[in-house]
Protein chains: 4
Amino acid sequence: MRFASDNTSGAAPEIINAVLRANEGYERSYGADAAMARVTAMIREVFEAPEAAVYLVATGTAANALSIATYCPPWGAVFCHTHAHIAEDECGAPEFYSGAKLVLVPGALGKMTPDTLEKALASTGEGGVHGVQRGMLSLTNVTEAGTVYTPAEIAALTALARARDLPCHLDGARFANALVATGATPAEMTWKAGIDVLSFGGTKNGCLGVEAVVLFDPSKAWEFELRRKRGGQLFSKHRFLSAQMEAYLTDGLWLNLAARANAMGQRLATGLKAKGVTVPDSSANMLFPEWSPGIHDRLEAAGAVYYRMPAPQGRERARLVTSWSTTETDVDSFLAAL
Amino acid sequence: MRFASDNTSGAAPEIINAVLRANEGYERSYGADAAMARVTAMIREVFEAPEAAVYLVATGTAANALSIATYCPPWGAVFCHTHAHIAEDECGAPEFYSGAKLVLVPGALGKMTPDTLEKALASTGEGGVHGVQRGMLSLTNVTEAGTVYTPAEIAALTALARARDLPCHLDGARFANALVATGATPAEMTWKAGIDVLSFGGTKNGCLGVEAVVLFDPSKAWEFELRRKRGGQLFSKHRFLSAQMEAYLTDGLWLNLAARANAMGQRLATGLKAKGVTVPDSSANMLFPEWSPGIHDRLEAAGAVYYRMPAPQGRERARLVTSWSTTETDVDSFLAAL
Amino acid sequence: MRFASDNTSGAAPEIINAVLRANEGYERSYGADAAMARVTAMIREVFEAPEAAVYLVATGTAANALSIATYCPPWGAVFCHTHAHIAEDECGAPEFYSGAKLVLVPGALGKMTPDTLEKALASTGEGGVHGVQRGMLSLTNVTEAGTVYTPAEIAALTALARARDLPCHLDGARFANALVATGATPAEMTWKAGIDVLSFGGTKNGCLGVEAVVLFDPSKAWEFELRRKRGGQLFSKHRFLSAQMEAYLTDGLWLNLAARANAMGQRLATGLKAKGVTVPDSSANMLFPEWSPGIHDRLEAAGAVYYRMPAPQGRERARLVTSWSTTETDVDSFLAAL
Amino acid sequence: MRFASDNTSGAAPEIINAVLRANEGYERSYGADAAMARVTAMIREVFEAPEAAVYLVATGTAANALSIATYCPPWGAVFCHTHAHIAEDECGAPEFYSGAKLVLVPGALGKMTPDTLEKALASTGEGGVHGVQRGMLSLTNVTEAGTVYTPAEIAALTALARARDLPCHLDGARFANALVATGATPAEMTWKAGIDVLSFGGTKNGCLGVEAVVLFDPSKAWEFELRRKRGGQLFSKHRFLSAQMEAYLTDGLWLNLAARANAMGQRLATGLKAKGVTVPDSSANMLFPEWSPGIHDRLEAAGAVYYRMPAPQGRERARLVTSWSTTETDVDSFLAAL
């Protein structure tokens, strides 16, 4: 009954075993390891993007901050959702790395809409040199509210940005869960939908700590490498990042892990609804159910672990996250305790 | 015969096994894991510093850049050796994190001297507001030239800095090797010698990727935590950093690994000298031998791997680094091939 | 009929004459001029703040950005109104100088309220290390909407900030106009109301280009000096800044100029209202009247110069700014043309 | 006998009168004033550069820091002389604005040589991603040692930089003095000699406070504008900068003022040499004579004002700067007092 976050889970057996295997003998450092070449090839294939540049870092914040710094100038505005991870949960890392300014775009359930984005775009940079300029778009999928953008929704948003020549970033800390939820292919969710650079999450979905940054157009690859090094994000024993990512991508493990997490999320959602609990739209592995007062105490007494969220007057709200390691027993015990 | 760098070695068995064990079950993320509390306690004990604040990051560059940013204001000068890692090998990460300026202090064999440091100190910040101000001292031990400062030498340098109220940092990417080489205790090499903040290396000496930052005076601990997060250096599945460091510190493993690396370094030095090769002063695990032209080709043909270094006219020079995993056979084969 | 901005006016005769007089002979550079000592003494007296540190820069953006950088750490949030000059009109200068993040506080007519500020304060920094921390409060008086905070209103806002140990900044680009509008003394509007650092505007109110920064507690004075130099904001021929500020403060010139500007603003407001034009609350020298479609064209045809503002459907809105050099004829001609 | 610096002089009568005239009536702010268009046209003509972009700021540090930030990425090395103003006298402003790192190039009498520059270029950026990359070249003319580069010398240095595709900056705080000393045309000293961006000084040579930045290739003009605003360096009452620069350029005033300063410098040098004083090579308006102990005291007792400089054992050294306002009487009295 551990639903606090998918990052409280450990690593999947296939991943940790790959790390173990990678420990044999000597290997070139700083990304020149043989496994990294294989990782690049695999990601290019998975994304149908034979030219893409691929880099590994160890935290999602690093992946996002470096992506933004590479694509947005210091005087640029990064358009992101009011509750985006980059806005609320990275202690200003994107601003530190890029110098840019985040412009918050509202929208229900963690998703901006073409309307709210257009309004934000239209009201930025119109004052000439006096204000920051339109810089880039950053979307998140799965969103912080647990909802999922379809490729068509992403394309509708990136179209507005691209009409103004803005590059588009996707924070995919839970990218695999979004794919599973929508049935989209990696390409459909990214470059085919107008995404230029992707933070491709591994950590939350069964790795120890690895995220890939995928630059679909490699023209900024060298700049990215320098920014990564300068950010203290280049690993000397890089083989241990490569090994995780290689195992993650092998035989569709990454999608299988996400499918498991999502299935548990849906089992939980179905069970909650069956008990009359309000569960806002959520098709991946993160739920924000609302229920009557007193249930938090009851669940925690039964051993459930999760975050209490701000709720409307007279209600309680929870954040429940399932992961690759969540079991049916976990879900069913939780529902029983409720 | 792999002497390119100690970071081309893998992880010691005890470390990788600890990572494996740490993978069990759920664990709190972002440094709130139980193992991290144990790591802090162990480091405090090892350093005889019951108040010290301890944080883990995954790269040496991150450890150094965050340490410097925490102790030096943007208008400060960081006094470091001309060939310090922070000056030559971190692509400006210390400047990026801190905004500060590096002032290069010369000295033979990678070591600044009280004379060269005093000269640099005396000629900085004398122009009032027009120039950067004296900010902090950063030493490296083992140095980039493979030489080692004794605690007394460190104390002589920090005394000059402290006389001007400057904090002192030690880049200890090879701290264990320096301890083994000098026989000093951790406390003698650090706070007893005037060091305020230490980058305590684990990666090069048998870990997968972990460095501790030790703040002997914890008053800047919260600032450090914020800078770490903001730098994208806070791991969600932090347990995997803690596990490495805990194993590293258990039963003196860290010193045993360094003793092995140093012993192989000394075996190599002795063997080289016996063959008439010039080996500048080096008491740890990194050698810069000089020999006649043609030997590089011969050694590489025999399978030796290491860095060729700039050499005086008509000579060749190598950088040879031993590690915890170097064997006597490696050393002896190398000497035979020579 | 030039109402575009108070910065389209020239300098008052007393100011320009002082610059002329300051041109005699040699004078020490970089702020060591004799006039600067007099300026400091005058500002201390005017503000009843004998300990205050006083510095001159040439632009309001520099004054604000340096003030914020001196009082807010890079991981801090600066609470300011949604439409504050620092948020909308400085192209990210405060973020560039400080690294901090602006958190926008809403409120009608350019003014935040204790409610909106408290809400912003309460929802910031609660996520521990994951989000930026509460950093400082920045108010603007006269506001960008032309409204004026009373000292009591300022005190109510700073009290909320100070309860959390946050320093408070006042952007006083039109400080003199705010004083005239409220009848408050300089001390009442600043340190007695909880302000720690003031951008004290001169440029808009009859100078050529000079703003003072007043640090009521001088403990950060040296840091400010270094930041000013490092920002390229320290004038070599500083005497020309001092001369402006000295003349500005002599014989109450600054208040007389603001009184003139405000009187013309009020004459305009009264005249507009008499003609049935809606003029939102404005007691200083900046008005945002709303009128029927077609009036913009008519006024501009008559030679009026001002900014057209976004207006509700079927309406027109203007920004009209009076200055020390606005004449009664200007105002009356404008009203006649309407 | 005021030889401390050319910035202790006031403004030339033509300049201050132009400021006075510019004070008439209303004028558009933030660089949209009519005089600025004329200034741009004049500079383009003077430099035979019909495409150049021209911007005004008020301090030399701002001009340099903005120029460097516009042309050098954060991971770039700026090659400059060990004693360049940007290295020693701007409190890190270039690094603050650009994020870049200064690499110091030695050379006698304030001048780098093709040899010393080539050595610095060759030893930078060779370590791949681990070190900063070659970024740009920044020269100073007149140098900080009072010496002057000829156009041919500049071309020899920029050729080395341009061979590696590096842009070249010229810090021309005393540009007019360098032209007068060499007889070169503005074009010969800049773009014809490989310079991409020039800090064109006005302040030291008779203005109140104005420097132009000239971008010979205007492709980075908009970026420069944003950086200027973001740096708090865009003047609202910009007319007062334009007026200075316009007068400065009218009827060759700028060259006449520099000719006067240089002539006084040469009169001083000749007189000193006639008295047996050692005066290192200096053909503009700044001298560093060396003389016997005791002379400092004697000169200061006689009322001379200048900087004492570090000198070899048993010697004294002075920095003497003449300006447009230095008179023959000043020089002759000084020589007499000696």
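Since the model is a prediction, treat every value here as computed from it, not as a measurement. (Residues numbered from 1 in each chain as written. Chains lettered and ligands numbered in written order. Predicted model: local features only at pLDDT ≥ 70, side-chain atom pairs only at ≥ 80, totals over all residues. Heavy atoms only, no water.)

As for the overall build of chain A
Next up, step 1: Across its full length, chain A holds 14 helices and eleven strands.
Next up, step 2: Radius of gyration (C-alpha) of chain A: 20 Å, near the 20 Å computed for a compact globule of 338 residues.
Next up, step 3: Overall size of chain A, expressed as C-alpha extent along the three principal axes, is 60 × 55 × 30 Å.
Next up, step 4: Counting only residues that meet the buried cut, chain A has 63% of its 338 residues in that class.
Next up, step 5: Considering only residue pairs separated by 6 or more positions, chain A has 74% of its internal contacts joining residues 24 or more positions apart.
Next up, step 6: For chain A, the accessible area works out to roughly 11,100 Å², and carbon and sulfur atoms hold 53% of it.
Next up, step 7: Taking the average location of the 30 positive side-chain charges in chain A and that of its 35 negative ones, the two points are 3 Å from each other. (Helix = DSSP H or I, 4+ residues; strand = E, 2+ residues; numbered from the N terminus. Rg over C-alpha atoms; globule rule 2.2 N^0.38 Å. Buried < 20%, exposed > 50% of the residue type's maximum accessible area, 1.4 Å probe, protein only. Contact = heavy atoms within 4.5 Å. Areas by Shrake-Rupley, 256 points an atom, 1.4 Å probe, with all protein chains shown as cover. Lys, Arg positive; Asp, Glu negative; His and termini not counted. Charge placed at Lys NZ, Arg CZ, Asp CG, Glu CD.)

Examining the relation of the copies chain D and chain A
Next up, step 1: By a simple turn and slide, chain D fits onto chain A: the slide is 0.0 Å along the axis, the RMSD is 0.0 Å, and the turn is 180°. Both chain copies can therefore be described as sitting about a two-fold axis.
Next up, step 2: Interface overlap between copies is the fraction of interface residues in one copy that are interface residues in the other; for chain D against chain A it reaches 100%, indicating a shared surface. (Least-squares fit on C-alpha atoms with pLDDT ≥ 70 in both.)

Some details on the nonpolar core
Next up, step 1: Within the largest apolar cluster, 138 residues are counted, with the highest numbers of intra-cluster contacts made by Ile43(C), Phe79(C), Phe200(C), Met245(C), Phe79(D) and Phe200(D).
Next up, step 2: Residues Ala12(A), Leu139(A), Val142(A) and Ile154(A) belong to the second largest nonpolar core, which totals 131 residues. (Core = buried A, V, L, I, M, F, W, Y, C linked by side-chain atoms within 4.5 Å.)

Observations concerning the environment of Leu20(A)
Next up, step 1: By secondary structure assignment, the location of Leu20(A) is in helix H1 (residues 13-22).
Next up, step 2: Distance in space between the C-alpha atoms of Leu20(A) and Gln244(A) is 9.9 Å, their sequence separation being 224 residues.
Next up, step 3: Non-local contacts of Leu20(A), meaning those with residues more than four positions away in its chain, are made with Ile16(B) and Leu20(B).

Remarks on the interface of chain B and chain A
Next up, step 1: Each partner contributes residues to the interface: chain B has 47 residues there, and chain A has 47 residues.
Next up, step 2: Buried area between chain B and chain A, summed over both chains or domains, comes out near 4,100 Å², and the portion from carbon and sulfur atoms is 55%.
Next up, step 3: Counting the contacts that link chain B with chain A gives zero salt bridges.
Next up, step 4: Where chain B packs against chain A, one counts 35 residue pairs in polar contact (both at pLDDT 80 or more).
Next up, step 5: When contributions to the side of chain B that touches chain A are tallied by element, the ones reaching two or more residues are helix H1 (13-22), helix H3 (60-71), helix H5 (93-98), helix H10 (221-230) and helix H11 (239-249) of chain B. (Buried area = accessible area lost by both parts, 1.4 Å probe. Salt bridge = Lys/Arg side-chain N within 4 Å of Asp/Glu carboxyl O. Polar contact = N/O pair within 3.5 Å; in protein donor to acceptor, adjacent residues only side chain to side chain.)

Brief notes about the domain arrangement of chain A
Residue and element names in this part refer to chain A.
Next up, step 1: If you check the domain split of chain A, you get domain 1 (13-251) and domain 2 (254-337).
Next up, step 2: Spacing between the C-alpha centres of domain 1 and domain 2 amounts to 27 Å.
Next up, step 3: Tallying the contact residues gives 24 residues for domain 1 and 18 residues for domain 2.
Next up, step 4: Between domain 1 and domain 2 lies a buried interface of about 1,700 Å² when both sides are counted; carbon and sulfur atoms form 63% of it.
Next up, step 5: Our count for the domain 1 to domain 2 interface comes out at zero salt bridges.
Next up, step 6: Here domain 1 and domain 2 share five residue pairs in polar contact (both at pLDDT 80 or more) between them.
Next up, step 7: Contributions of two or more residues to the side of domain 1 that touches domain 2 are made by helix H8 (175-182) and helix H11 (239-249). (Domains from an automatic or database assignment.)

A word on the pairing of strand S2 (residues 76-81) of chain A
All names here are of chain A.
Next up, step 1: For S2, the tally of buried residues reaches six of six residues, placing the bulk of the element in the interior.
Next up, step 2: Note: S2 against strand S4 (residues 133-140), four bridges, orientation parallel. Counted as the bridge partner of alanine 77 is arginine 134 from S4. (Pairing = 2+ DSSP bridges.)

Examining the sheet that holds strand S6 (residues 197-201) of chain B
Residues and elements named next belong to chain B.
Next up, step 1: Pairing is mixed in the open sheet, where seven strands are placed in the order S1-S7-S6-S5-S4-S2-S3. Every interior strand has two partners, whereas the edge strands, strand S1 (53-57) and strand S3 (101-105), have only one. Each adjacent strand pair in this sheet contributes to an overall mean axis angle of 25°, direction not counted.
Next up, step 2: Here four bridges tie strand S5 (residues 168-172) to S6, and the two strands are oriented parallel to one another. Within S6, the residue paired with glycine 172 across the bridge is phenylalanine 200. (Axes fitted to C-alpha atoms, helices over the stretch in contact; angles between N-to-C directions.)

Describing the side chain of Arg239(A)
Next up, step 1: By the element assignment, Arg239(A) lies in helix H11.
Next up, step 2: Buried within the structure, Arg239(A) lacks any salt-bridge partner; Glu27(A) is the closest side chain of opposite charge, at an N-O distance of 6.1 Å.
Next up, step 3: A distance of 3.0 Å separates a polar atom in the side chain of Arg239(A) from the backbone oxygen of Gly25(A).
Next up, step 4: Other than its neighbours up to four places away in sequence, Arg239(A) contacts Ala22(A), Asn23(A), Glu24(A), Gly25(A), Tyr26(A), Glu27(A), Asp33(A), Thr8(B), Ser9(B) and Gly10(B).

Digging into the side chain of Asn7(B)
Next up, step 1: Mapped onto the elements of the fold, Asn7(B) is located in the segment before H1.
Next up, step 2: Of note is the side chain of Asn7(B), whose polar atom sits 2.9 Å from the side chain of Ser29(A).
Next up, step 3: Among residues more than four places away in sequence, those in contact with Asn7(B) are Glu27(A), Ser29(A), Tyr30(A), Ser236(A), Lys237(A) and Lys204(B).

A short note on unusual backbone geometry
Next up, step 1: A cis amide bond links Asn141(A) to the next residue, Val142(A), at an omega of -10°.
Next up, step 2: Within the secondary structure layout, Val142(A) lies in the loop between S4 and helix H7 (151-162).
Next up, step 3: In this structure, Glu48(A) is a non-glycine residue whose phi angle is positive, near 50°.
Next up, step 4: Under the relative-accessibility criterion, Glu48(A) is labelled partly exposed at 40%.
Next up, step 5: Look at Leu109(D): it is not a glycine, yet its phi comes out positive at around 55°.
Next up, step 6: Position of Leu109(D) relative to the elements: it lies in the loop between strand S3 (101-105) and helix H6 (114-122).

Remarks on the pairing of strand S11 (residues 316-321) of chain A
All names here are of chain A.
Next up, step 1: Burial analysis of S11 places five of its six residues in the buried class, the great majority of the element.
Next up, step 2: In this sheet, S11 lies alongside strand S8 (residues 286-287) in antiparallel orientation, the contact comprising two bridges. When the bridges of S11 are listed, methionine 286 appears paired with valine 321.
Next up, step 3: Bridge analysis of strand S9 (residues 290-291) against S11 gives two bridges, and the strand direction is antiparallel. Paired with tryptophan 291 across the bridge in S11 is glutamate 316.
Next up, step 4: In terms of strand pairing, strand S10 (residues 307-309) meets S11 through three bridges, oriented antiparallel. In the strand pairing of S11, tyrosine 307 is matched with arginine 319.
Next up, step 5: Remark: six residues form the turn of the hairpin made by S10 and S11, two consecutive strands paired antiparallel; glycine 314 in that turn has positive phi of roughly 75°.

Some remarks on the packing of aromatic side chains
Next up, step 1: Under the definition given, this model contains 57 aromatic pairs over all chains.
Next up, step 2: Centroid distance Phe47(C) to Phe175(C): 5.8 Å. Interplanar angle 25°. Geometry classified as stacked. One end of the pair, Phe47(C), is in the loop between helix H2 (34-46) and strand S1 (53-57); the other, Phe175(C), is in helix H8 (residues 175-182), with 128 residues separating them in the sequence.
Next up, step 3: Centre to centre, the rings of Phe200(C) and Trp254(C) are 5.1 Å apart; their planes meet at 70°, and the pair counts as edge-to-face. Of the two residues, Phe200(C) is situated in strand S6 (residues 197-201) and Trp254(C) in helix H12 (residues 253-274); the sequence distance between them amounts to 54 residues. Each of the two residues, Phe200(C) as well as Trp254(C), counts as buried.
Next up, step 4: Each residue in the set Phe47(A), Phe175(A), Phe200(A), Phe216(A), Tyr248(A) and Trp254(A) is aromatic and connected to the rest through ring pairs, giving one cluster. (Phe/Tyr/Trp six-rings, centres within 6.5 Å; stacked < 30°, edge-to-face > 60°.)

With respect to the interface of chain D and chain A
Next up, step 1: Each partner contributes residues to the interface: chain D has 17 residues there, and chain A has 17 residues.
Next up, step 2: Here chain D packs against chain A, burying approximately 1,600 Å² in sum over the two surfaces, 71% of which is carbon and sulfur.
Next up, step 3: The interface formed by chain D and chain A contains zero salt bridges.
Next up, step 4: Our enumeration of links across chain D and chain A arrives at six residue pairs in polar contact (both at pLDDT 80 or more).

Description of the pattern of salt bridges
Next up, step 1: For the coordinates displayed, the defined rule picks out 64 salt bridges over all chains.
Next up, step 2: Residue Glu48(D) is joined to Lys192(D) by a salt bridge in which the shortest nitrogen-to-oxygen separation is 3.5 Å. Here Lys192(D) lies in the loop between helix H9 (186-189) and strand S6 (197-201) and Glu48(D) lies in the loop between helix H2 (34-46) and strand S1 (53-57), a separation of 144 residues in the sequence.
Next up, step 3: Since its relative accessible area comes to 46%, Lys192(D) is described here as partly exposed.
Next up, step 4: With a closest N to O distance of 3.1 Å, Arg162(D) and Asp196(D) form a salt bridge. A residue pair is termed long-range when its members are at least 10 positions apart, and Arg162(D) in helix H7 (residues 151-162) and Asp196(D) in the loop between H9 and S6 qualify at 34 residues.
Next up, step 5: Relative accessible area serves as the criterion here: at 19%, Asp196(D) is assigned to the buried category.
Next up, step 6: Through salt bridges with shared partners, a single ionic network connects Lys220(A), Glu223(A) and Arg227(A).

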